[in-house]
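Chain residues, written in single-letter form:
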Amino acid sequence: MGKIFDALEKAGKSMETGRNKSVAERKPKAEKTGNGNVVPLATHKQPLPSAPEGIDPNLVTLHSPQSAEAELFKVLRTNLLFPSAGRPPKSIMVTSALPGEGKSFVCANLAVSIAKGIEEHVLLIDADIRKPTIHTIFGLEPTSGLSQYLVTGSDVSKYFAKSTVPKLTILPAGKPPENPTELLTTQKMKALLEEVAQRYEDRYIVIDSAPPSLATETAAIANYVDGIIIVVKAGRTPRNAVSELIEQLGKEKILGIVMNHSDHTVKKYYGYGKSYYKSTPEQPT
């Protein structure tokens, strides 16, 4: 899809899953440099609007849709859904090279941003069944989900959960199983993604998936999706880890890289001819 992301910056505070911490409002001022767009960070003590009880306050695309952070997710959404060439990806997997990079934060906010479009519907699937996070971010109680569907093979729609966002449906990970790799690498998982793509043609499918270095099933899921977004953490993720991940998943499938927790321009930092969309809050894997 070419260079789908501009070099952007965003500021934030630390985030922990399930804890109602306020996030400082960022008021960045754009500045041009020879290396691209740089947005200096300016953190203030004024919190974001109060979040509905139970929903993670760092779901910025829901709680603060006019914020600079939410606008950056709109840029990401636009570049994904309206590529300069080719068709937009209907199924998008979000993963990372290492745990703790913020993939679930990016995945959840991207799903909300797409669902808040005029016509777009989204099915958000939590495929990180070892360490499920999506249900917590959206304030849902632990319940049956993907794991139980793969075991029983019953109608997948019975496991769908409604979110507070219109046009956004969630398939939770479900109760962590004893054999996650075996479940997610079965033909049932492949058939599931094919089924939801065909049955819900008007929906985009966004999948939160574990780092392949810790969960070999992620590489299998990568074969079933249209495109992949990789989340890396500035100053933490080794360059060789990103290189190995791209090699493992297939460069042709990579839609772009989200540079998380960055406060400086890193355009083409890893040398893959991609620009980067960057965010900063600490958040769950």
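The rules we used
- Residues numbered from 1 in each chain as written.
- Predicted model: local features only at pLDDT ≥ 70, side-chain atom pairs only at ≥ 80, totals over all residues.
- Heavy atoms only, no water.
- Helix = DSSP H or I, 4+ residues; strand = E, 2+ residues; numbered from the N terminus.
- Axes fitted to C-alpha atoms, helices over the stretch in contact; angles between N-to-C directions.
- Parallel < 35°, antiparallel > 145°, perpendicular 65-115°, else oblique.
- Contact = heavy atoms within 4.5 Å.
- Nonpolar A, V, L, I, M, F, W, Y, C, P; charged D, E, K, R; others polar.
- Buried < 20%, exposed > 50% of the residue type's maximum accessible area, 1.4 Å probe, protein only.

Asker: Which residues make up unusual backbone geometry, and what values go with them?
Answerer: We note that K167 has phi near 75°; this positive angle belongs to a residue other than glycine. Mapped onto the elements, K167 comes out in the loop between β7 (161-162) and β8 (168-171).

Asker: Tell me about the packing of helix α2 (residues 68-81) against helix α3 (residues 103-115), and please be specific about residues and values.
Answerer: Packed helices, taken two at a time, are described by their axes: the angle between them and the distance between them. Their axes nearest at 9 Å, the elements α2 and α3 cross at an angle of 70°. Taken together, the axis directions place α2 and α3 in an arrangement best described as roughly perpendicular. Contacts from F73, K74, L76, R77, L80 and L81 in α2 reach F105, V106, N109, L110, S113 and I114 in α3. Looking at side-chain class alone, the contact of α2 with α3 contains eight nonpolar, two polar and two charged residues.

Asker: Got a sec to walk through the environment of I229? Specific residues and values, please.
Answerer: Mapped onto the elements, I229 comes out in strand β10 (residues 227-233). Using a relative accessible area of 0% as the deciding quantity, one classes I229 as buried. Linking I229 and I257, residues 28 residues apart in sequence, is a C-alpha distance of 5.7 Å. The residues touching I229, leaving out its near neighbours within four places in the chain, are L80, I92, M93, V94, T95, L110, L255, G256 and V258.

Asker: How would you sum up the side chain of S104? Please name residues and give values.
Answerer: Along the chain, the position of S104 falls in helix α3. Among the residues examined, S104 registers a relative accessible area of 0% and is labelled buried.

These results come straight from atomic positions and should not be treated as a statement about function.
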